[in-house]
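# Observations on the model geometry
One-letter residues, chain by chain:
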Amino acid sequence: MLELRPILSALWRHKVSALLIALQLGLTLAIVSNALVVIDERSERISRPTGLAVEDINSFSFLAIPEDYDKFEAFRLDLDMIRSLPGVASATISNHVPLSGSGSASGFYTEPNKETGGISANYYTVDEHFIDALGMKLTAGRGFSPEEVMQVGATSSERPTVAVVTQKFADEVFPEGNALGKAFFLGGDDHPIEVVGIVERNLGPWPNSSVAGRGVFYPAIMDQWFYYIVRAEPGQRDAVLKLVEEKLAERDPNRVINADTMEEQKAQQYASDNTMIKVLASVVILLTFIVALGIVGLTVFWITQRQKQIGVRRALGATRSAISRYFLLENLIIAVTGIALGAAAAQVFNGFLASEFNQPALPPIVTISCALFLLGVSLAAALVPALRAANISPATATRSV
Amino acid sequence: MLKMHNIRKSYRTDTIETHALRDFSLEVDEGEFVSVTGPSGSGKTTFLNIAGLLETPTGGEYRLDGEDVSNLNDRQRSRLRNEKIGFIFQGFNLIPDLNLFDNIDVPLRYRGFNAKERKKRIEKVLDQVGLSARAKHLPAQLSGGQQQRVAIARALAGEPRFLLADEPTGNLDSLMARQVMELLEFINEWGTTIVMVTHDPDLARRAHRNIQIVDGQVSDLHRATAPATAEIA
Ligand SMILES: Nc1ncnc2c1ncn2[C@@H]1O[C@H](COP(=O)(O)OP(=O)(O)OP(=O)(O)O)[C@@H](O)[C@H]1O
Ligand SMILES: [Mg+2]
């Protein structure tokens, strides 16, 4: 038996506290639903495929102490040594390490001597082992042969004639398709570079930038910028990290070795996303907890205040369940009011976030799920006090003053 | 109508046990108007609470309307309270957040009557207690005597067989008390059995019969021939 109307008129006489709780619920809904959308967007961003064997890769660089250090010779000796070590699956040398936060980008054009209208992308110089060493997948064409790999010193002006690109680069620079065999140009230049291979994916050095995913690989080794990228056999990464670090120092003590795992570097790239997720998740949990406490508090307060009235209702024939139902229904009315207001507020708030902070739009399903969740929280919070109210003795009607 | 035999009721706290009723036996006939008097703490309210199924006795037998009600569950007791018993309290006990109409509506909703039936009954009892014009008022907007009349209307709306009143005039001045008493007598004339606890000897005397409770037991029984000659111990 619904007794909505008398509950409403009784509530109306306590409208301020009822409205405060309703508003608290509504505000919680507005914040929680928007927070969840951001959390969802960020975690989706973090879990995007990188195209790389992130978990198995270490990178190493060194700082040579003597001025006239022959780096190209050192590269050759180091890489030969590294490739012979146990647990090493593959190794390459590159000007930058993907996901490291350090990289190079420039504009690319499909016609010579252009200055505007190009597409910017990250580029890497690598040796012939790069596909295997990075754990990428070649989807079309070929990689590089050892003979193609140039040595580019500080003064050399030799330029590559071939390149491997990522699928995303291929799709965006050559939207008509079939990039393989086509040529692209650097800005203001007429030197064609032919696409000889396409790899499935490489997120690049800055996964959160707009360039992310567009990558160009040249067959070249530079002595200005260099990192050894070493892929270990599965599960061997940490052992390989130590071993390579040791052996590099051992082979040539005249330098300072720096080593990193790709996993750590990736985590650093996503550090702010991870922090954002943690902060927002805490906010969601905290707000939900506070709103639940508020509801428990208000229900307990109202029941204490209306103890006599509950006794009278019992004396007049209310069953225990009728008493519990009364308070749950009252709670439901408040919750539904608050949540309806909150759902509207959530959309407004989202519109503001979307326009001012470029946050993703709030899909209705998220608002609805959050609304149902908060409705559940609200009822659960009211449940224990409501059940306890049913234990108030009907004799309260005659006993207390 | 009401038959109690050797009813016992004791309250136990951590330290002491109070025997509020001891071997309490009483019969009230259909249509009777019984007044209950006795010193404070003698067990009058306890008796009324057990009679009205607000509390369960510790022991003994209680038959209401021929039915043994000593061992009913909470739901059955709630239903009996709702259908057969009307309560009037010293403090009126109207629900402050509800207007008079909605106050009288409370037991009728628990009864499950439809809206039309409830409205008909509420209008009828409001008319009987002379407060039809105040249906939309809140209890706080009424005098004590008017509030008690609303409480009586609420008790009557379900057409109970049995009306229990615990010092219904205790909070009223003598004029208001008299009005309430007249209303109760009128109700009794129409066939409702009434048991009324009171401290007022004049009112007690106006009942058909006065029983006195002393120390948890009925001390004396008088069947009055006429209210004026009823004897108070
Ligand atoms: N819930 C309870 N717990 C413990 N003792 C109680 C309780 N209710 C009543 N008593 C005790 O039972 C005895 C009878 O109380 P009761 O209320 O029936 O007296 P009364 O005759 O109605 O008194 P008064 O005229 O003051 O209303 C008293 O000693 C009282 O203290
Ligand atoms: Mg009493």
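Rules behind the numbers
In this numbering scheme, every chain counts its residues from 1 along its sequence in written order. All chains are assigned letters beginning with A, and all ligands numbers beginning with 1, in the order in which they are written. This being a predicted model, a pLDDT of at least 70 is required before a residue's local features are given, and a value of 80 or more before pairs of side-chain atoms are given or counted; all residues contribute to the totals for chains, interfaces and linings. In computing side-chain properties, one takes all heavy atoms of the structure into account and sets aside hydrogens as well as water. Numbering of helices and strands starts at the N terminus; helices are DSSP runs of H or I of at least 4 residues and strands are runs of E of at least 2. Here the radius of gyration uses the C-alpha set of atoms, whereas the globule reference equals 2.2 Å times the residue count to the power 0.38. Exposure classes here rest on a 1.4 Å probe applied to the protein chains alone. A residue is buried below 20% of its type maximum, exposed above 50%, and partly exposed in between. By the convention used here, residues are in contact when the closest approach between their heavy atoms is within 4.5 Å. Note that accessible areas follow from Shrake-Rupley with a 1.4 Å probe, and for residues the cover is restricted to the protein chains shown. In summary, the charge assignment counts Lys and Arg as positive and Asp and Glu as negative, without counting His or the chain termini. Charge positions come from single atoms, namely NZ of Lys, CZ of Arg, CG of Asp or CD of Glu. Reported buried area values correspond to the accessible surface (1.4 Å probe) lost by two parts on association, with both partners' losses combined. One speaks of a salt bridge when a side-chain nitrogen belonging to Lys or Arg is within 4 Å of a carboxyl oxygen belonging to Asp or Glu. UniProt positions are given in the numbering used here, feature names are shortened, and annotations may be inferred rather than shown by experiment. Confidence scores here are pLDDT values: one per residue, from the predictor, ranging 0 to 100. Here the rule is simple: two strands pair whenever DSSP picks up at least two bridges between them. Orientation is described by lines fitted to C-alpha atoms, with helices fitted over the stretch in contact, and by angles between N-to-C directions that extend from 0 to 180 degrees. Throughout, nonpolar core names a set of buried Ala, Val, Leu, Ile, Met, Phe, Trp, Tyr and Cys residues whose side chains join them through atoms within 4.5 Å. In this text, near means that some heavy atom of the residue lies within 4 Å of the molecule or strand in question. Counting of polar contacts relies on pairs of N or O atoms within 3.5 Å, with two restrictions inside protein: one atom must be capable of donating a hydrogen and the other of accepting it, and residues adjacent in sequence are counted only when both atoms are side-chain atoms. The rule is simple: put a 1 Å grid over the protein atoms alone, call a set of points where a 1.4 Å probe fits but cannot get out a cavity, call an open set with protein on both sides within 12 Å along at least five of seven lines a pocket, and count a residue as lining if it has an atom within 4 Å of a point. Grid points are joined across faces, edges and corners, and a volume is the space filled by probe spheres set on the points. Any residue that is not Ala, Val, Leu, Ile, Met, Phe, Trp, Tyr, Cys, Pro, Asp, Glu, Lys or Arg is counted as polar, Gly included; the first ten are nonpolar and the last four charged. An automatic or database domain assignment is the source of the domain bounds shown. A patch consists of residues whose relative accessible area exceeds 30% and which take part in no salt bridge; residues with like charges are grouped when within 9 Å of each other, and nonpolar side chains (Val, Leu, Ile, Met, Phe, Trp, Tyr) when within 5 Å. Classification of ring pairs rests on two measures: the distance between centres of Phe, Tyr or Trp rings, Trp counted by its six-membered ring, which must be within 6.5 Å, and the angle between planes, read as stacked under 30 degrees, edge-to-face over 60 and tilted in between.

Secondary structure summary: chain B contains seven helices and 10 strands in total. Compactness check: chain B gives a C-alpha radius of gyration of 18 Å against a globular reference of 17 Å for 233 residues, within 12% of the reference. Summarising its shape, the C-alpha atoms of chain B cover approximately 45 × 40 × 35 Å along the three principal directions. Among the 233 residues that make up chain B, the fraction classed as buried is 55%. In chain B, the share of contacts with a sequence separation of at least 24, taken over all contacts with a separation of at least 6, comes to 69%. Just so you have it, chain B exposes about 10,200 Å², and 47% of that area is on carbon and sulfur atoms. In chain B, the 30 positive side-chain charges and the 32 negative ones have mean positions that sit 6 Å from each other.

Moving on, we come to the interface of chain A and chain B. Taken residue by residue, the interface counts 29 residues in chain A and 27 residues in chain B. With both sides pooled, the region where chain A packs onto chain B buries about 2,500 Å², and carbon together with sulfur makes up 54% of that total. For the chain A face of the interface with chain B, the top three residues by lost area are Leu316(A), Thr398(A) and Arg399(A), together amounting to 24%. Viewed at the interface, chain B and chain A are joined by five salt bridges.

Looking now at the UniProt feature "domain: ABC3 transporter permease C-terminal" (unreviewed entry) in chain A. Taken from the UniProt record, the annotation "domain: ABC3 transporter permease C-terminal" (unreviewed entry) applies to residues 282–394 of chain A. Counting secondary structure, residues 282–394 of chain A comes out at 86% helix and 0% strand; the distance between its end C-alpha atoms is 44 Å.

Residue and element names in this part refer to chain A. By the definition in use, this model includes 43 salt bridges over all chains. In this structure, Glu-73 engages Arg-76 in a salt bridge whose closest nitrogen and oxygen atoms are separated by 3.0 Å. Of this pair, Glu-73 and Arg-76 both sit in helix α3 (residues 71–83), three residues apart, which is roughly one turn of that helix. Between Arg-251 and Asp-78 there is a salt bridge, and its shortest N-O distance comes to 2.5 Å. Separated by 173 residues along the polypeptide, Arg-251 in helix α6 (residues 237–251) and Asp-78 in helix α3 bring together distant segments of the chain. A relative accessible area of 0% means that Asp-78 is categorised as buried.

Let's shift gears to the confidence of the model for chain B. Residues and elements named next belong to chain B. On average, residues of chain B score 90 in pLDDT, and 94% of them are at 70 or above. Note that pLDDT drops below 50 for residues 223–233; the model gives that stretch 18 contacts with residues more than four away or on any other chain. Interface scoring of the predicted complex returns ipTM 0.91; its pTM is 0.79.

Sheet strands associate in pairs through backbone hydrogen bonding, adopting either a parallel or an antiparallel arrangement. Residue and element names in this part refer to chain B. Strand order in the open sheet made by the four strands is β2-β1-β4-β5, with antiparallel pairing throughout. The open sheet has two edge strands, β2 (17–28) and β5 (67–68), and neither has a second partner. Taken together, the eight bridges between strand β1 (residues 2–12) and β2 define a ladder with antiparallel strand orientation. Counterpart to Lys-3 in the pairing with β2 is Glu-27. This element, helix α1 (residues 44–51), spans β1, β2 and β4 (59–64) of the sheet and lies at about 120° to β1.

Before going further, it helps to examine the UniProt feature "domain: MacB-like periplasmic core" (unreviewed entry) in chain A. Mapped onto this structure's residue numbering, the UniProt feature "domain: MacB-like periplasmic core" (unreviewed entry) falls at residues 75–241 of chain A. The span residues 75–241 of chain A is 16% helical and 34% strand by assignment, and the distance between its end C-alpha atoms comes to 17 Å.

All names here are of chain A. Counting buried positions along strand β7 (residues 162–166) gives five out of five residues, so the element sits mostly inside the fold. The alternating pattern of β7 places Val-162, Val-164 and Thr-166 on one face and Ala-163 and Val-165 on the opposite face, and all of these are buried. Across five bridges, the pairing between β7 and strand β9 (residues 193–199) is parallel. Counted as the bridge partner of Val-162 is Glu-194 from β9.

What follows covers the nonpolar core. Formed by 102 residues in total, the largest nonpolar core has its most connected members in Phe217(A), Met4(B), Phe47(B), Tyr62(B), Phe162(B) and Val195(B). Examining the composition of this core, we find that 10 residues originate from one element, helix α2 (residues 15–46) of chain A, more than from any other. Contact partners of Phe162(B), with chain neighbours within four places excluded, come to Met1(B), Leu2(B), Ala51(B), Tyr62(B), Leu64(B), Lys84(B), Ile85(B), Gly86(B), Thr192(B), Thr193(B) and Val195(B). Phe101(B), Ala135(B), Leu163(B) and Leu203(B) belong to the second-largest nonpolar core, a separate cluster that totals 34 residues.

Turning our attention to the site of ligand 1. With respect to spatial proximity, 14 residues lie near ligand 1, and among them Arg399(A), Ser40(B), Lys44(B), Thr45(B) and Thr46(B) are the closest. With respect to ligand 1, its neighbouring residues span chains A and B. One of the side-chain nitrogen or oxygen atoms of Thr45(B) is found 2.7 Å away from an oxygen atom of ligand 1. Contact distances for ligand 1 include 2.5 Å between an oxygen atom and a side-chain N or O atom of Thr46(B). Here ligand 1, which alone exposes 640 Å², has 66% of that area covered by the protein.

Residues and elements named next belong to chain A. The residue Gly-187 is located in the loop between β8 (183–186) and β9 in this model. In this structure the C-alpha to C-alpha distance between Gly-187 and Thr-110, which are 77 residues apart in sequence, comes to 9.8 Å. Excluding residues within four positions of it along the chain, Gly-187 makes contact with Gly-107, Tyr-109, Lys-114 and Glu-115.

Quick look at empty space enclosed by the protein now. All names here are of chain B. For the coordinates displayed, the defined rule picks out five cavities of 30 Å³ or more. In this structure, the largest cavity is lined by 16 residues; those nearest its centre are Asn-82, Ile-85, Pro-107, Arg-154 and Ala-155. Looking at the lining of the largest cavity, the elements with two or more residues in it are α2 (74–84), β6 (85–88), α3 (100–111) and α5 (144–157). Of the residues that constitute the lining of the largest cavity, the class distribution is eight nonpolar, three polar and five charged.

Reports often express the size of an interface as the amount of accessible area lost when the parts come together. Domain assignment breaks chain A into domain 1 (4–47 + 271–398) and domain 2 (70–253). The distance between the C-alpha centroids of domain 1 of chain A and domain 2 of chain A comes to 55 Å.

A contiguous nonpolar patch, built from Leu286(A), Phe289(A), Ile290(A) and Leu293(A) and spanning about 410 Å² of accessible area, is present on the exposed surface. Examined against the element boundaries, Leu286(A) turns out to sit in helix α8 (residues 271–305).

For the rest of this paragraph, the subject is the packing of aromatic side chains. All names here are of chain A. Summed over all chains, the structure comprises 19 aromatic pairs over all chains. Between Phe-130 and Phe-217, the aromatic rings sit 5.1 Å apart at their centres with planes inclined by 35°, giving tilted as the arrangement. Of the two residues, Phe-130 sits in helix α4 (residues 130–134) while Phe-217 sits in strand β10 (residues 215–222), which places them 87 residues apart along the sequence. An aromatic cluster of at least three residues, connected via ring pairs, comprises Phe-62, Tyr-69, Phe-72, Phe-75, Phe-226 and Tyr-228.

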